[in-house]
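Residue-level structure breakdown
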Amino acid sequence: MSTFIYGILWILCHGLSRIFLHYRTKGIEHVPRKGGVLLAANHASYSDIPLLGCGVWRRLFYLGRASLFPNPLVNWILQALGWIPLKTERWDRQAFKHTVSLLKDGKAVVIFPEGGRSSNGELQPGKPGIGMIVAEAQCSVVPVYIAGSYKVLPMGASWIRLHPVEVIFGEPMDFTQDMEKYQNKALYKHISEKVMARIAELSRMDNSAVSIT
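Below, the structure is looked at part by part. (Residues numbered from 1 in each chain as written. Predicted model: local features only at pLDDT ≥ 70, side-chain atom pairs only at ≥ 80, totals over all residues. Heavy atoms only, no water.)

**Examining the overall build of the protein chain**
Across its full length, the protein chain carries 8 helices and 7 strands. For the protein chain, the C-alpha radius of gyration of 16 Å lies close to 17 Å, the compact-globule estimate for 213 residues. Seen through its C-alpha atoms, the protein chain measures out along the principal axes to roughly 50 × 40 × 35 Å. Looking at the 213 residues of the protein chain, the share that counts as buried comes to 45%. Total accessible area on the protein chain stands at roughly 11700 Å², and carbon and sulfur atoms take up 57% of it. In the protein chain, the 24 positive side-chain charges and the 16 negative ones have mean positions that sit 5 Å from each other. (Helix = DSSP H or I, 4+ residues; strand = E, 2+ residues; numbered from the N terminus. Rg over C-alpha atoms; globule rule 2.2 N^0.38 Å. Buried < 20%, exposed > 50% of the residue type's maximum accessible area, 1.4 Å probe, protein only. Areas by Shrake-Rupley, 256 points an atom, 1.4 Å probe, with all protein chains shown as cover. Lys, Arg positive; Asp, Glu negative; His and termini not counted. Charge placed at Lys NZ, Arg CZ, Asp CG, Glu CD.)

**As for the packing of aromatic side chains**
All chains considered together, the criterion is met by 1 aromatic pair. Measuring from ring centre to ring centre gives 4.9 Å for Trp 10 and Trp 57, while their planes differ by 35°; the resulting arrangement is tilted. Placement of Trp 10 in helix α1 (residues 2-20) and of Trp 57 in the loop between α2 (48-53) and β3 (60-65) is noted, with a sequence separation of 47 residues between them. By relative accessible area, Trp 57 is classed as exposed at 75%. Here the basic side chain of Arg 117 rests over the ring of Tyr 46, its NZ or CZ set 3.7 Å away from the ring centre. (Phe/Tyr/Trp six-rings, centres within 6.5 Å; stacked < 30°, edge-to-face > 60°. Lys NZ or Arg CZ within 6 Å of the ring centre and 35° of its normal.)

**Overview of the pattern of salt bridges**
One pass over the full model with this rule turns up 5 salt bridges. Glu 166 serves as the salt-bridge partner of Arg 24, at 3.5 Å between the closest nitrogen and oxygen. With Arg 24 in strand β1 (residues 24-26) and Glu 166 in strand β7 (residues 166-169), this pair connects stretches of sequence that are 142 residues apart. Residue Glu 166 is classed as buried on the basis of its relative accessible area of 2%. Across the pair Glu 201 and Arg 198 runs a salt bridge whose closest N-O atoms are separated by 2.7 Å. With a gap of 3 residues between them, Glu 201 and Arg 198 both fall in helix α8 (residues 184-203), about one helical turn apart. By relative accessible area, Arg 198 is classed as partly exposed at 23%. (Salt bridge = Lys/Arg side-chain N within 4 Å of Asp/Glu carboxyl O.)

**Some thoughts on the sheet that holds β3**
Spatial strand order, β1-β7-β6-β2-β5-β3-β4: 7 strands in an open sheet with mixed pairing. The outermost strands of the open sheet, each flanked by one partner alone, are β1 and β4 (83-86). Between one strand axis and the next, the sheet turns through 25° on average, direction left out of account. For strand β2 (residues 37-41) and strand β5 (residues 108-111), the ladder comprises 4 bridges, and the chain directions are parallel. In the strand pairing of β5, Leu 39 is matched with Val 110. (Pairing = 2+ DSSP bridges. Axes fitted to C-alpha atoms, helices over the stretch in contact; angles between N-to-C directions.)

**Some points on a nonpolar patch on the surface**
A cluster of nonpolar residues, Phe 4, Ile 5, Ile 8, Leu 9, Leu 12, Leu 16, Ile 19, Phe 20 and Leu 162, forms a patch on the protein surface that exposes about 860 Å² of accessible area. Here Phe 20 shows up in helix α1. (Patch = residues over 30% accessible without salt bridge, like charges linked within 9 Å, V, L, I, M, F, W, Y side chains within 5 Å.)

**Topic: helix α4 (residues 93-104)**
A turn of α-helix holds 3.6 residues, and therefore any two residues three or four places apart point the same way. Counted at 1.5 Å a residue, the expected span for α4 with its 12 residues is 16 Å, and the 16 Å between its end C-alpha atoms agrees. All of the buried residues along α4 are Ala 95, Phe 96, Thr 99, Val 100, Leu 102 and Leu 103. Projected down its long axis, α4 shows its buried positions confined to an angular sector of 160°, all on one face. Among the exposed residues of α4, those oriented more than 90 degrees off its buried face are Arg 93, Gln 94, Lys 97 and Lys 104. The secondary structure elements touched by the buried residues of α4 are β2, β3, β4, β5 and α5 (129-137). Immediately beyond the C-terminal end of α4, within one or two residues, lies Gly 106, with a positive phi of roughly 90°. (Expected span 1.5 Å × (residues − 1). Arc of directions from axis to C-beta. Contact = heavy atoms within 4.5 Å.)

Dropping the structure here:
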């Protein structure tokens, strides 16, 4: 049932984004059609979640802040649709295990390595959590840059604004050799920095059109 509802929401979001936001993707062929993979994206807006999701044909699961939706009913519905609530005030072992389990089970999971939305739309340093997940799940990482979402719904905004959006997917990153050179905290930090550097490279590929007036 949740898969059916997810599909309906995907169609709705994809269609509306195409019409009102001139939505497009680049490099979608880099997202594997099957197998566990971690999609790591920049985070400048609440709109990042649906805008990334409606560009990928696979069902996605999202690792996000637990306090994002305080309503219990909304929480339950979103978790049924694939949201993984993460408690940020401490290391959330349960969310970590669930994420790793999904990846090992061949699912595609989205993570925002910056740990929260950017207040100005610019990239922020990544957190080591992504490195811990990659090391445990032994999965590849597809870097993603979402261009235009900050203009669509910046922090503090109450209404969506019409602005072109482009989601750019980079080639999968394999950290197998890195795991032989680094260990523990040094490895986690290394993975986080490499992923954020690649996302920064993708941001320079953005050639979005000017704002819709």
